[in-house]
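# Remarks on the overall topology
Listed below, chain by chain, are the residues.
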Amino acid sequence: LQGHDHYVTCVGFSADGARIVSGSADKTIRLWDTATGAQIGDPLQGHGRWVSSVAFSPHSTKIVSGSRDKTIRLWDTATGAQIGHPLQGHDHWVNSVAFSADGTRIVSGSGDKTIRLWDTATGDQIGDPLQANDWVYSVAFSTDCTRIVSGSSDKTIRLWDTAAGAQIGDPLQGHDSYVDSVAFSADGTRIVSGSRDKTIRLWETATGAQIGDPLQGHDNSVNSVAFSADGTRIVSGSYDKTIRLWDTATGGQIGDPLQGHDDCVNSVAFSADGTRIVSGSGDNTIRLWHVAMDVQTQQSLQDTLSHVHSPNTSWKLSEDGWIHFPDQFHGVFWIPQQYRVLLWRSQNTCIISKSGYNKISFSECVYGENWMKCVAT
C-alpha cells in the first residue's frame, strides 16, 4: 500500500482536478490520481526536513514546495525531477509557497519574518524581501498578481504591492492569535483567514474592513482555509479533526462537519469545479470528499438526505461508533474502535493511506419498520 509515513502537512489539486499533490513530515512530495487514489510515479525527494507547503503551477506542469530545511524547490510534474537548484535565501523554515496566476513568479513566507518573490524561470529572488513583524505562516497571490496577502504570528493579515514591494495600508486586525492560513477570492475582492483563535474571518480587500461576524464552529485552531472558485463557499480544516463548509454570503455553516480524520486536519483545498475537497491530516492520510457545486445544492442535498433512505450515501457515525441512517433514532450497526480510524465515510470518494482503509457496503441492507417485507415467503 502506498502513502505517507508521517503527517500530511499540505495538499492541493491540479488545475484539471485529475491529480493531487501532497507534502509530508516524511520529507517527501507525492502525486496521486484522484480517480483511483494510486500514487503517480515515485516520491519527489530532496528536502532535508518537513515539507510545509506545496502548490501546482497554473498549468500543472510544475510543483513548488517549501520546507523546514529553509529551501524552496521546483519539480517537473511529468518526470518528478527537481528543476534547477533549490531557491535559497530564507534563514528559517519556509512555511508557505504559492505560484502567481501566470506562473512566472513564486511567493514564499517564512519563520525568518520575511516574504520573498522568486522568478520561476531563473530561480532568482526578485527585489528585496518584504519585511513582516513576526513569523509568516501563509502567503497567497491575488489573481491579477498585483497583490500578496500574508498571515502571521503577530495575529495580523497584511497586503503587499508586488510591483512596489511595499505594504498596502494598515494590517487587518481582529484575530486573537496566530493567523495560520489566508487566501484571496478568485475575483480578488475578499480575503479569508483562519486562526488559532478558532475563528475564520472574511475581509474586504479594498478597505481592509472585516465582513460580518467571525465564522465560528471549530473547537480548536483553524489550520487551513480556501475559497471555492466561484467564491460562494469556504472550506476550513482544523486541529479539532473536522472539515467545515461555510456560506460566504451568510457566514453560516453548510451542513454538518466532514468527519473521518483521526488527527488534526492540516490542509484543505477545493477542486476547480467545486465538487470535491481534498484534506491532509496528522493521521498520515489524505481524504477526498464529494460536495455539491454550490450552496443551494449542498443545502438541498443535506435536506434530501434527511428524508430519503439512501444507505450508501447518507449514514453517519456517532461518537460512540454507531452508524445511523436518516430518520432512525437508534444506531443500526456498531463499528469497533480499531476500525473507525480508517473508515471510508459516506462522503469520501477516496482515502490514501499506507495502512489501507475499511469500507462498508449497505447495498443489500434493508432497515426501517417494514424491513421484514424483504423476506421471501
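Here is what the cut-offs are and how they apply
- Residue positions are given per chain, counted from 1 along the sequence in the order it is written.
- Reporting of local features is limited, given that this is a predicted model, to residues whose pLDDT is at least 70; pairs of side-chain atoms are given and counted only at 80 or more, and all residues count toward the totals for whole chains, interfaces and linings.
- Here the side-chain values reflect all heavy atoms present in the structure, with hydrogen atoms and water set aside.
- Each Phe, Tyr or Trp ring, with Trp reduced to its six-membered ring, pairs with another whose centre is within 6.5 Å; inter-plane angles below 30 degrees give stacked pairs, above 60 give edge-to-face pairs, and intermediate values give tilted ones.
- Per-residue accessibility, obtained with a 1.4 Å probe over protein chains only, is compared with the maximum for each type, and a residue is labelled buried under 20%, exposed over 50%, and partly exposed between these values.
- For the purposes of this entry, the term helix denotes a DSSP run of H or I that reaches at least four residues, the term strand denotes a run of E that reaches at least two, and both are numbered from the N terminus.
- Criterion for a charge above a ring: Arg CZ or Lys NZ at most 6 Å from the ring centre, at most 35 degrees from the ring normal.
- At least two bridges found by DSSP between two strands is the condition for calling them paired.
- The start and end points of each domain follow an automatic or database-based domain assignment.
- For any pair of parts, buried area is found by adding up, for both, the accessible area (1.4 Å probe) each one loses once the two are put together.
- Salt bridge criterion: a side-chain nitrogen from Lys or Arg within 4 Å of a carboxyl oxygen from Asp or Glu.
- We call two N or O atoms a polar contact when they sit within 3.5 Å, provided that within protein one can donate a hydrogen and the other can accept it, with sequence-adjacent residues counted only if both atoms are side-chain atoms.
- Residue type decides the class: Asp, Glu, Lys and Arg count as charged, Ala, Val, Leu, Ile, Met, Phe, Trp, Tyr, Cys and Pro as nonpolar, and the leftover types, Gly among them, as polar.
- UniProt positions are given in the numbering used here, feature names are shortened, and annotations may be inferred rather than shown by experiment.
- Each axis is a line fitted through C-alpha atoms, taken for helices only over the stretch in contact, and angles between the N-to-C directions span 0 to 180 degrees.
- Confidence scores labelled pLDDT are given residue by residue by the predictor and lie between 0 and 100.
- Note on contacts: a residue pair is in contact if any heavy atoms of the two residues lie within 4.5 Å.

In the nomenclature of an unreviewed UniProt entry, the protein corresponds to WD40 repeat-like protein from the organism Dendrothele bispora.

In this structure the tally under the stated criterion is 4 aromatic pairs. Taking the centre distance of 5.8 Å and the plane angle of 40 degrees together, the rings of tryptophan 135 and tyrosine 137 count as tilted. According to the relative accessible area criterion, tyrosine 137 is buried, its value standing at 18%. Aromatic pair tyrosine 137 and tyrosine 178: ring centres 5.8 Å apart, planes at 25 degrees, arrangement stacked. One end of the pair, tyrosine 137, is in strand β12 (residues 136-141); the other, tyrosine 178, is in the loop between β15 (166-172) and β16 (179-184), and 41 residues separate them in sequence. In this structure, arginine 68 is placed above the aromatic ring of tryptophan 93, and the distance from its NZ or CZ to the ring centre is 3.8 Å. The cationic tip of arginine 196 hangs over the ring face of tyrosine 137; the distance from NZ or CZ to the ring centre is 5.1 Å.

For strand β24 (residues 276-281), the buried fraction is high: 6 of the 6 residues fall into the buried class. Burial along β24 is two-sided: the face carrying Arg276, Val278 and Gly280 and the face carrying Ile277, Ser279 and Ser281 are both buried. Where strand β23 (residues 265-270) meets β24, 5 bridges bridge the pair, whose relative direction is antiparallel. Bridging across to β24, alanine 269 finds its partner in valine 278. Between the antiparallel neighbours β23 and β24 lie 5 residues, among them glycine 274 with a positive phi of about 75 degrees. With 5 bridges joining them, β24 and strand β25 (residues 286-290) adopt antiparallel strand pairing. Each residue of the ladder has a partner; that of isoleucine 277, found in β25, is tryptophan 289. Adjacent in sequence and paired antiparallel, β24 and β25 are bridged by 4 residues, among which asparagine 284 carries a positive phi angle near 75 degrees.

The next subject is the domain arrangement of the protein. Interfaces are often sized by the accessible area lost when the parts come together. The domain architecture assigned to the protein consists of domain 1 (8-290) and domain 2 (296-374). Looking only at domain 1, the three residues that lose the most surface to domain 2 are Arg287, Leu288 and His290, adding up to 29% of its buried area. In this assembly, domain 1 and domain 2 are joined by 1 salt bridge. Aspartate 256 is the salt-bridge partner of lysine 316, the closest N and O atoms lying 2.2 Å from each other. Viewed at the interface, domain 2 and domain 1 are joined by 9 residue pairs in polar contact (both at pLDDT 80 or more). Looking at the side of domain 1 that touches domain 2 element by element, the count peaks at 5 residues for β25. Taken together, the residues of the side of domain 1 that touches domain 2 break down into 7 nonpolar, 8 polar and 3 charged.

For the rest of this paragraph, the subject is the UniProt feature "repeat: WD" (unreviewed entry) in the protein. According to UniProt, the feature "repeat: WD" (unreviewed entry) maps to residues 1-42, 44-85, 87-128, 136-170, 172-213, 215-256 and 258-291 in the numbering used here. Each end of residues 44-85 is marked by a C-alpha atom, and these two atoms are 14 Å apart; helix forms 0% of the span and strand 50%. Summarising residues 87-128: 0% helix, 55% strand, and an end-to-end C-alpha distance of 15 Å.

The next subject is the sheet that holds strand β18 (residues 199-204). Pairing in this open sheet of 4 strands is antiparallel, and the strands run β16-β17-β18-β19 from one edge to the other. On the outer flanks of this sheet lie β16 and β19 (210-216), each paired with one strand and no other. Averaged over all neighbouring strand pairs, the angle between strand axes comes to 15 degrees, with direction disregarded. Sheet topology places β16 next to strand β17 (residues 190-195); 5 bridges connect them, and they run antiparallel. Residue pairing in the sheet places serine 181 in a bridge with glycine 194 of β17.

As a further point, take the confidence of the model for the protein. Here the protein averages 90 in pLDDT, and 91% of its residues register 70 or above. Note that residues 296-311 has pLDDT below 50 and, in this model, 26 contacts with residues that lie over four places away or in other chains.

If you walk through the whole model with that rule in mind, you get 10 salt bridges. For aspartate 197, the salt bridge identified is with arginine 201, shortest N-O distance 3.8 Å. Arginine 201 carries the same exposure label as aspartate 197, and that label is buried.

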